[in-house]
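Secondary and tertiary structure notes
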Amino acid sequence: MQLLLLLTSASYIVGFAPSSLPGIEKTRFVSPVTELNAEGRRDFLEKICFFSGASLALSTPAAFADVSDGNELPNGVAQFSRLVKTRSGISRLKKRLLESSADFDKKDWDGVDSYVRRIFTSGEDMKAITPKSKKAEADKLIAELKEYSRAAEPSITARDAKGVAAILTKCDTIFQQFFDLQSNVPDQI
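So, here's what we can say about the structure.

Rules used throughout
Residues numbered from 1 in each chain as written. Predicted model: local features only at pLDDT ≥ 70, side-chain atom pairs only at ≥ 80, totals over all residues. Heavy atoms only, no water. Helix = DSSP H or I, 4+ residues; strand = E, 2+ residues; numbered from the N terminus. Expected span 1.5 Å × (residues − 1). Contact = heavy atoms within 4.5 Å. 1 Å grid on protein atoms, 1.4 Å probe; cavity = no way out; pocket = protein on both sides within 12 Å on 5 of 7 lines; lining within 4 Å. Points joined across faces, edges and corners; volume = space filled by probe spheres on them. Nonpolar A, V, L, I, M, F, W, Y, C, P; charged D, E, K, R; others polar. Salt bridge = Lys/Arg side-chain N within 4 Å of Asp/Glu carboxyl O. Axes fitted to C-alpha atoms, helices over the stretch in contact; angles between N-to-C directions. Parallel < 35°, antiparallel > 145°, perpendicular 65-115°, else oblique. Left-handed = near helix turned anticlockwise from the far one by under 90°. Buried < 20%, exposed > 50% of the residue type's maximum accessible area, 1.4 Å probe, protein only.

1. A look at helix α6 (residues 106-129)
- In a regular helix each residue adds 1.5 Å, so 24 residues correspond to 34 Å; α6 covers 35 Å between its end C-alpha atoms and thus fits that length.
- Packed against the buried residues of α6 are α5 (75-100), α7 (135-157) and α8 (161-182).

This is the structure we're talking about:
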């Protein structure tokens, strides 16, 4: 579109060209398409290509947002996606803790600790996607989630897999309550 506008406006360039009378110059319209020789046409096309490329490069960054590339989700959806991923990881971690926590080394327990911290920070995503009409109930659930994720710290330090699994079960229940709160489906259909 920009290139078409540039080409259209370039065909009406006003230039200065000598008249047929020596010593007298007058202004006349020069059409670059008809009056330029082959070398002049090449220069003209090079300039058109250069300026159209420059105008595309300087376009607004909003037109080239990552959302359109598929690399990034819009804010509300990205936060909801992080909450779903965090919740789905709870059941896998709990299963792993109960089945093979004896094989855990320091690196594994550090991973459990970072995951519990991720659960703690999920409260911010919850706040962001909660509608104003349900804010009070959501704030209670967020506070409860943060309280339980803080309570997991001593169990992680003591390498108590059953204690961490019990806290993860409670966090999973809180996530479910939060998702139920977000639902607009009536209880009875």
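2. A short note on the layout of surface pockets
- In this structure, the largest pocket spans a volume of roughly 160 Å³.
- Considering the residues around the largest pocket, the lining is formed by Gly89, Arg92, Leu93, Arg96, Phe104, Lys107, Asp108, Gly111, Val112 and Tyr115.
- Contributing elements (two or more residues each) for the lining of the largest pocket: α5 and α6.
- Taken together, the residues of the lining of the largest pocket sort by class into four nonpolar, two polar and four charged.

3. Describing the pattern of salt bridges
- Taken as a whole and assessed by the stated rule, the structure comprises eight salt bridges.
- Look at the salt bridges and you will find they share partners, linking Glu124, Lys127 and Lys146 into a network.

4. Re the packing of α6 against α8
- Running from N to C, α6 and α8 point in directions that differ by 20°, and their axes come no closer than 12 Å. By the angle class used here, α6 and α8 are roughly parallel. As α6 packs across α8, the resulting crossing turns out to be left-handed. Residues Trp109, Val112, Ile119, Ser122, Met126 and Ile129 of α6 lie in contact with α8, whose contacting residues are Ala161, Val164, Leu168, Cys171, Phe175, Phe178 and Gln182.
- For the contact of α6 with α8, the per-class residue count stands at eleven nonpolar, two polar and no charged.

5. Comments concerning the environment of Lys134
- By secondary structure assignment, the location of Lys134 is in the loop between α6 and α7.
- Residue Lys134 is classed as buried on the basis of its relative accessible area, which comes to 17%.
- The sequence separation of Lys134 and Gln182 amounts to 48 residues, and the corresponding C-alpha distance is 8.0 Å.
- The residues touching Lys134, leaving out its near neighbours within four places in the chain, are Leu181, Gln182, Ser183 and Asn184.

6. Regarding the environment of Ser81
- Note that Ser81 resides in helix α5.
- Spatially, the C-alpha atom of Ser81 lies 9.6 Å from that of Asp125, the residues being 44 residues apart in sequence.

7. Concerning α5
- In this model, α5 (26 residues) spans 37 Å end to end at C-alpha, consistent with the 38 Å of a helix rising 1.5 Å per residue.
- Buried residues belonging to α5 abut α6 and α8.

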